[in-house]
Amino acid sequence: MDIQDIIKPENQVYRKPALLNDSHMHYCPGCSHGVVHKLVAEVIEELGAAEIAIGIAPVGCAVFAYNYIDVDWIEAPHGRAPALATAAKRLQPDKLVFTYQGDGDMAAIGTAESLHAANRGENIAMIFINNGIYGMTGGQMAPTTLLGMKTSTTPYGRRADLNGYPLAITGLMAQLDGTCYVTRQSVETPAAVRKAKAALRKAFENSMKGKGTSVVEIVSTCNSGWKMSPADANKWMEENMFKKYPIGDLKNE
Amino acid sequence: MEEVRLMKGNEALAHAAIRYGADGYFGYPITPQSEVLEVLEEQRPWETTGMVVLQAESELAAINMVYGGASCGKVVFTSSSSPGISLMQEGISYIAASEVPALIVNVMRGGPGLGTIHPSQADYFQAVKGGGHGDYHLIVLAPSSVQEMCDFMWLGWDLAFKYRTPAMLLADGLVGQMMEKVILPEPRPRRTEEQIREQCPWAINGRKNMRKRNVVTSLELDDELMEQNNLRFQRTYKEIEKNEVRYEAINTDDCDYLFVAFGSMARICLKVMEIAKEQGLKIGLLRPITLWPFPSKQIKEISQNVKGIMVVELSAGQMIEDVKLAVECKLDVKHYGRLGGIVPTPEEVLESLIAQFSINR
């Protein structure tokens, strides 16, 4: 048997999603963003929503999400993605509108916009990458940084008396009447990736059904910011991040 | 069809928007312009034209909703008053940098800080010199009547879409709150998605028929490309300066002194001119309608035939800087202004003119 005999559509078990373009990603090797981008692209494709999808990119590492996922995008000011998404969806109810936000965007500068969009029950999906650090600006403390965790602005570790406590914002969002689905997932193992994909799919479906706001938090690694190898970062995340941010559904209506 | 009504300036803004075929309003209450949101909620245009009306959680959210809607090629606006407009500057800079059309209404109140709820024109610098960060301009229209509150909404959107740039109505608390007769124009339907796709091919409305994706962004980390973006903005501004200067000139052909005033102050100056005429004093008025682009050329021309210019503003002296630049310091330019929400009487303006120019009566 020749190799060409094997390369047939019926034998294909994996391919790059059609909606993930060929731009070189700026993400560090080992970063969770790449996996989540792939899942978002796959889910939009599988839902047949490529012609109606509108992404709202944040400020942070995912600021260039619009370079990678091949749908219409607006690049929002820091923290304001939910406000832009609110207008994009209300003015075009037939579109699939989602935000893609980091922890600074969702839980620090954009707390008001994020909570209020969710509280109004905007029919959008909010994807929230929580890696406990500001990657893009060089590793500063995030609102979700764990106590004791070292960052460039908490060089001796985060202290509650100086820096306050890590903010589990999805827990707040699950309590809002406007949200229909709030879940916390991760992408460090194939099993986790499959669950995360199912969560994204459900969130997108909810928003098209007009059920309210769906929030998918992906507890993620930032091995560069954490100054670890990708493998060590995955292990550290499971041992430390999951204690504060346990994986699973917080709300599923 | 057209309709003649008696209403406040702020109410006219709301009716003008619905009749223009606006797609959305996003705002946060603040005195003295809360009637805009109140009238829209009372009119319920979502049941008639399909217009979206939303009370946002803050001015920050409101301007970013406008940014989102404008990026979709929709006809959207927000309104606020001075402190709220300060909060919106971030979003306004992004809207300018993203080259999307939007309309922002500032019904000015006295500042700085929380200031007062009464009329002021002290946001002139903020409106015409930038306001937010970076090299950009807004097209700034200054209504001086309830009719113009209505008409300039339409003009503002027309210009914003023509040049793909944000426009601002710079009104003040007086024009917002006063009641006058207004002719509301015949309503127009909202644009369909097909029309938006045709007229705004850059709009964020999904890759229908798998067209090439659209991206609206203000970010460009390649400095060479960012400079090119900036040069493109500047070319647009040059075009606007060439084509869109608007002003009203009254008695400027035969006057000894010239008032330059906008908005409610231009109305007061008209009264001053009436009183002065009875006393044998000939005063003309140049009322800039576009504060940016500024009618510099017209002011310079008139300045060659007058003894002096007085700029009358509800500020400590902001527009006077542009008037001085216009006349290139070849003529004495005086200023009269009241601050903190005080509106001057015509008599005190005339007294000031007479005193500052040592006019013998």
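Here the structure is a predicted model, which is why all the values come from computation and not from measurement. (Residues numbered from 1 in each chain as written. Chains lettered and ligands numbered in written order. Predicted model: local features only at pLDDT ≥ 70, side-chain atom pairs only at ≥ 80, totals over all residues. Heavy atoms only, no water.)

Trainee: Outline the overall build of chain B, supporting the account with residue identities and numerical values.
Mentor: Along its length, chain B carries 13 helices and 15 strands. Whereas a compact globule of 361 residues would reach a radius of gyration of roughly 21 Å, chain B reaches 21 Å, a difference of no more than 12%. Expressed as lengths along the three principal axes of its C-alpha atoms, the size of chain B is roughly 75 × 50 × 40 Å. For chain B, the residues scored as buried account for 61% of the 361 residues in total. Of all intrachain contacts in chain B linking residues separated by at least 6 positions in sequence, the fraction that spans at least 24 positions is 78%. With an accessible surface of roughly 14500 Å², chain B has 50% of that area assigned to carbon and sulfur atoms. Within chain B, the 47 negative side-chain charges are centred at a point lying 4 Å from the centre of the 37 positive side-chain charges. (Helix = DSSP H or I, 4+ residues; strand = E, 2+ residues; numbered from the N terminus. Rg over C-alpha atoms; globule rule 2.2 N^0.38 Å. Buried < 20%, exposed > 50% of the residue type's maximum accessible area, 1.4 Å probe, protein only. Contact = heavy atoms within 4.5 Å. Areas by Shrake-Rupley, 256 points an atom, 1.4 Å probe, with all protein chains shown as cover. Lys, Arg positive; Asp, Glu negative; His and termini not counted. Charge placed at Lys NZ, Arg CZ, Asp CG, Glu CD.)

Trainee: Which residues make up helix H4 (residues 82–98) of chain B, and what values go with them?
Mentor: Residue and element names in this part refer to chain B. Spanning 17 residues, H4 covers 24 Å between terminal C-alpha atoms, matching the ideal 24 Å at 1.5 Å per step. If you look at H4, its biggest bend is around 50°, right at Met 88. Backbone geometry just after H4 places Glu 99 at a positive phi near 55°. (Expected span 1.5 Å × (residues − 1). Bend = angle between axes of the 7 residues up to and from the residue.)

Trainee: Tell me about the interface of chain B and chain A, and please be specific about residues and values.
Mentor: Listed by partner, the interface residues are 38 residues for chain B and 37 residues for chain A. Buried surface at the junction of chain B and chain A, both sides included, amounts to about 2900 Å², of which 59% is carbon and sulfur. For the chain B face of the interface with chain A, the top three residues by lost area are Glu 57, Arg 207 and Arg 213 of chain B, together amounting to 21%. At the surface where chain B touches chain A, the tally comes to six salt bridges. The shortest N-O distance in the salt bridge between Arg 211 of chain B and Asp 72 of chain A comes to 2.6 Å. Our enumeration of links across chain B and chain A arrives at 19 residue pairs in polar contact (both at pLDDT 80 or more). Here the residues of the side of chain B that touches chain A sort into 17 nonpolar, eleven polar and ten charged. Note: strand S2 (residues 72–75) of chain A against strand S9 (residues 215–216) of chain B, two bridges, orientation parallel. In the sheet register, Ile 74 of chain A faces S9 of chain B, and the bridge partner there is Val 216 of chain B. (Buried area = accessible area lost by both parts, 1.4 Å probe. Salt bridge = Lys/Arg side-chain N within 4 Å of Asp/Glu carboxyl O. Polar contact = N/O pair within 3.5 Å; in protein donor to acceptor, adjacent residues only side chain to side chain. Nonpolar A, V, L, I, M, F, W, Y, C, P; charged D, E, K, R; others polar. Pairing = 2+ DSSP bridges.)

Trainee: Describe the nonpolar core, with residues and values.
Mentor: In this structure, Phe 77, Met 153, Trp 157 and Ile 309 of chain B are the most contacted members of the largest nonpolar core, which totals 127 residues. It is helix H6 (residues 146–163) of chain B that contributes the most residues to this core, twelve residues altogether. Filtering out sequence-adjacent residues up to four positions away, Trp 157 of chain B remains in contact with Ala 17, Tyr 20, Ala 22, Val 75, Val 76, Phe 77 and Leu 103 of chain B. Counting residues in each nonpolar core, the second largest holds 40 residues, with Tyr 27, Ala 49, Ile 129 and Val 187 of chain A among its members. (Core = buried A, V, L, I, M, F, W, Y, C linked by side-chain atoms within 4.5 Å.)

Trainee: Summarise the sheet that holds strand S10 (residues 247–250) of chain B; cite the residues concerned and give the values.
Mentor: Residues and elements named next belong to chain B. Taken together, five strands build an open sheet; the order of strands is S10-S12-S11-S14-S15 and the sheet is mixed. The open sheet has two edge strands, S10 and strand S15 (333–337), and neither has a second partner. Sheet twist, expressed as the mean angle between neighbouring strand axes with direction ignored, is 20°. On the sheet, helix H13 (residues 346–356) packs against strand S11 (257–260), strand S12 (283–288), strand S14 (308–313) and S15 and is oriented at approximately 150° with respect to S15. (Axes fitted to C-alpha atoms, helices over the stretch in contact; angles between N-to-C directions.)

Trainee: Provide a residue-level description of empty space enclosed by the protein, including the pertinent values.
Mentor: Residues and elements named next belong to chain B. What the rule picks out here adds up to one cavity of 30 Å³ or more. In terms of residue count, helix H9 (residues 223–243) provides more of the lining of the largest cavity than any other element does, three residues in total. Counted by class, the lining of the largest cavity contains four nonpolar, two polar and two charged residues. (1 Å grid on protein atoms, 1.4 Å probe; cavity = no way out; pocket = protein on both sides within 12 Å on 5 of 7 lines; lining within 4 Å. Points joined across faces, edges and corners; volume = space filled by probe spheres on them.)

Trainee: Run through the confidence of the model for chain B, naming residues and quoting values.
Mentor: Looking at chain B, pLDDT values average 97 and 100% of them are 70 or higher. Under the prediction, the complex receives an ipTM of 0.96, its pTM being 0.97. (pLDDT = per-residue confidence, 0-100.)

Trainee: Pulling in residues and values, what's your account of the packing of helix H1 (residues 9–20) of chain B against helix H2 (residues 35–43) of chain B?
Mentor: Residue and element names in this part refer to chain B. Contact geometry for H1 and H2: axes closest at 8 Å, N-to-C directions at 45°. Classified by the angle between their axes, H1 and H2 sit oblique to one another. In the packing of H1 onto H2, the handedness of the crossing is right-handed. Residues Asn 10, Glu 11, Leu 13, Ala 14, His 15 and Ile 18 of H1 pack against Glu 35, Val 36, Val 39, Leu 40 and Gln 43 of H2. Looking at the contact of H1 with H2, its residues break down into six nonpolar, three polar and two charged. (Parallel < 35°, antiparallel > 145°, perpendicular 65-115°, else oblique. Left-handed = near helix turned anticlockwise from the far one by under 90°.)

Trainee: Help me get a handle on the packing of aromatic side chains, residues and values and all.
Mentor: A full pass over the atoms with the stated rule returns 14 aromatic pairs over all chains. Counting every residue linked through ring pairs, the aromatic cluster contains Tyr 20, Tyr 25, Phe 77, Trp 154 and Trp 157 of chain B. The residue whose ring lies beneath Lys 202 of chain A is Tyr 181 of chain A, and the NZ or CZ to ring-centre distance is 5.5 Å. Sitting above the plane of the Tyr 20 of chain B ring, Arg 188 of chain B keeps its charged end 4.3 Å from the centroid. (Phe/Tyr/Trp six-rings, centres within 6.5 Å; stacked < 30°, edge-to-face > 60°. Lys NZ or Arg CZ within 6 Å of the ring centre and 35° of its normal.)

Trainee: Could you give an account of helix H10 (residues 263–278) of chain B, with specific residues and numbers?
Mentor: Residues Gly 263, Ser 264, Met 265, Ala 266, Ile 268, Cys 269, Val 272, Met 273, Ile 275 and Ala 276 of chain B constitute the buried set of H10 of chain B. Residue Gly 280 of chain B follows H10 of chain B closely and has a positive phi angle near 80°.

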